[in-house]
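# Overview (structure and organization)
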Amino acid sequence: MIKRRITALGAVLLMAASAVSGCKKDDGTSGGGKGSSAAERNVSGSEERIAEKYKNVEDIGSGPLLSISNTSAAPGGQAQVTVSVDNADGAWAICGLHITFPDELKIKKLDPDDPENHDTDYKAGESCEGFQSASMEWFGEMPDDLKEKNNGMVFFAAFSTENIGGNGDIVTYFFDIPEDAEPGTEYPIDFYFYDTDQFTNTECDVAIEKYAFTHWQNGSITVE
């Protein structure tokens, strides 16, 4: 069984979000630049896991549109990668997302000199203003499908007790590019679906969550 560790604050955020909203993560039967879509770049079986998780949830015609930015940076430089949402103004309150990246990239941490501190440096965006949030890099045993790809992963959680989530940036991360990176190299920055991930409102509407996870757009960093 895959084990995921998150900071105490991150765990508290997710537990609080579930407690406040009453949301339960189950099999989905309880509720109604240029990027690559989930269908175009199926990251480590995420598409299949999403389909199984929400197979009994109704399809809706529109909903939250999650995306990761496409950006660039020079060898030895730093790239800013932003997760954002559209078509969700006033429609969400709970967010728990995993993002994966090649392990040649180094994500900026709050305390890079402390190997026991896995909290990442990040900038919360305007779409989750007023939310509590936390983020950390995955540590310990990596899921097998990502281990095979030599990928790293980061987790972001945010929640509010009201549906005040808006459109715009959710979170921005900072990645160091290898000094020897070849110009033109493209590093994929992708969403990774984990069973406990969430993107919903205080009503626990799994239909909008299904829409968000089946329509998200992956991103990239291209070496200049």
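Keep in mind it's a predicted model, so treat the numbers as computed, not measured. (Residues numbered from 1 in each chain as written. Predicted model: local features only at pLDDT ≥ 70, side-chain atom pairs only at ≥ 80, totals over all residues. Heavy atoms only, no water.)

## Re the state of the cysteines
What counts here: Our working definition of a disulfide is a cysteine sulfur pair at a distance within 2.5 Å. Exposure is judged per residue with a 1.4 Å probe applied to protein chains only, and the accessible area is read against the type maximum: over 50% gives exposed, under 20% gives buried, and values in between give partly exposed.
Inspection of the entire model under this criterion finds 0 disulfides. You can see Cys 95 has no disulfide; the closest cysteine sulfur is in Cys 128, sitting 7.3 Å from it. Assessed through its relative accessible area of 3%, Cys 128 is described here as buried.

## A closer look at helix H2 (residues 46-53)
Rules: Only DSSP runs of H or I reaching four residues or more are called helices, and only runs of E reaching two or more are called strands; each is numbered from the N terminus. The arc in question is formed by the directions pointing from the helix axis toward the C-beta atoms. Any pair of residues with heavy atoms lying within 4.5 Å of one another is described as a contacting pair.
Within the span of H2, buried status applies to Ser 46, Ile 50 and Lys 53. The buried residues of H2 occupy one face: seen down the axis, they fall within an arc of 65 degrees. Where H2 is buried, its residues meet strand S11 (186-192) and helix H4 (206-214).

## Some remarks on unusual backbone geometry
Despite not being glycine, Asn 87 shows a phi value in the positive range, around 60 degrees. Despite not being glycine, Cys 204 shows a phi value in the positive range, around 60 degrees. Locating Cys 204 in the fold gives a position in the loop between strand S12 (198-200) and H4.

## Let's talk about the nonpolar core
Convention followed: For this analysis, a nonpolar core means a set of buried residues of the types Ala, Val, Leu, Ile, Met, Phe, Trp, Tyr and Cys, connected via side-chain atoms within 4.5 Å.
Ranked by size, the top nonpolar core spans 41 residues in total, and within it Leu 66, Trp 92, Ile 170, Ile 177, Phe 199, Phe 213 and Ile 221 carry the most contacts. Once residues lying within four places of it in the same chain are set aside, the contact partners of Phe 199 are Pro 64, Leu 66, Val 85, Trp 92, Ile 94, Cys 95, Ile 170, Ile 208, Glu 209, Ala 212 and Phe 213. Core analysis: the second largest hydrophobic core is formed by 6 residues, Trp 138, Met 142, Leu 146 and Met 153 among them.

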